[in-house]
Amino acid sequence: MSLTVAIQMDHINSIKIAGDTGFALLLEAQRRGHHILHYTPDRLSLRDGTVIAMADPIEVRDEEGNHFTFGAQERVDLSTVDVVLMRQDPPFDLAYITATHFLERIHPKTLVVNDPMHVRNAPEKIFVTQFPHLMPPTLISRDKAEIEEFRREHGDVVMKPLYGHGGASVFKVGREDPNFGSLYDLFANLFREPWVIQRFLPKITEGDKRIILIDGEAAGAINRVPAANDIRSNMVRGGAAKPTDLTPREREICETIGPDLKRMGLILVGIDVIDGNLTEINVTAPTGIRAIKRLGGPDLAVDVWDAIESKVKRV
């Protein structure tokens, strides 16, 4: 079954293909004989109720620096394609939200992965709070008195932007940290929205697992170990990826949240787990597929496309 697939992403010339999950999905789509179109979010338009993209037919190669070739650009009515992969990176801002509104117009006749309505309604650091029994103690607030009360109760905490990504602006704050007041002022000036405060988990030094769920089922994982003198395990911040298996607690977490993910049309999801505590549910552009394969795990791009193709047939 040959499909026409459009991918909405940051421009492909800007990505690092060795770790890019969207690129892994393109390679597998091409291997299956699907026709692929590439466009960036700024080339997406809504005209008289029709969702249009100025898109480039693309061929991809697993060769860094020589990884794509464009064909002649086309003006595409996205309701005529079979699948749209929404893969641009956050920030999860009004531009991102607007794109979900546009793509919601064509879904599910055109299958959008992930479901744009539920991407919009499930920002990573808020959606996860639907499962407080799986999480470390967590506060989302910008109220200084509330934050100070949380610190008094839990001691060392981590503070991070509510809509941040990639480990940017993540700080550990000690119980008696004299920098807290200055950090509070900095966050208050930088971010209009609340931010996230969580009890610090000392075993972050042993790793932060990224677990990939496909259509609600745990499919593979890596353990991301922070660099020395850093609490951030993100690989873009120097974290090292290690092969890993799931513990019974991690399987329990996946089995608890999996049915909701499947119901919401969140086909490709990456969750973060530290010491048996669920900290984030990533639904916008989760990564990890290429690292899992590189470390000897399964090629999850195959499983993602199996799931997508099964749903396109039903639609």
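Definitions and limits used
Residues numbered from 1 in each chain as written. Predicted model: local features only at pLDDT ≥ 70, side-chain atom pairs only at ≥ 80, totals over all residues. Heavy atoms only, no water. Helix = DSSP H or I, 4+ residues; strand = E, 2+ residues; numbered from the N terminus. Rg over C-alpha atoms; globule rule 2.2 N^0.38 Å. Contact = heavy atoms within 4.5 Å. Areas by Shrake-Rupley, 256 points an atom, 1.4 Å probe, with all protein chains shown as cover. Lys, Arg positive; Asp, Glu negative; His and termini not counted. Charge placed at Lys NZ, Arg CZ, Asp CG, Glu CD. Pairing = 2+ DSSP bridges. Axes fitted to C-alpha atoms, helices over the stretch in contact; angles between N-to-C directions.

Draft legend 1. Summary view of the overall build of the protein. Counting its regular elements, the protein contains nine helices and 17 strands. In terms of overall dimensions, the protein is globule-like: its C-alpha atoms have a radius of gyration of 20 Å, near the 20 Å expected for 315 residues. When its C-alpha atoms are laid out on the principal axes, the protein stretches across 60 × 45 × 40 Å. Taking the contacts inside the protein whose residues are at least 6 apart along the sequence as the reference set, 66% of them involve residues at least 24 apart. Approximately 14,200 Å² of the protein is accessible, and the part contributed by carbon and sulfur atoms is 48%. Taking the 38 positively charged and 45 negatively charged side chains of the protein as two groups, their mean positions are separated by 0 Å.

Draft legend 2. Up close: the sheet that holds strand β15 (residues 240-243). Ordered in space as β15-β14-β13-β16-β17, the five strands form an open sheet in which the pairing is antiparallel. A strand with exactly one partner marks an edge of an open sheet, and here the two such strands are β15 and β17 (277-282). When the angles between neighbouring strand axes are averaged without regard to direction, this sheet yields 30 degrees. The pairing of strand β16 (residues 268-274) with β17 spans five bridges and is antiparallel.

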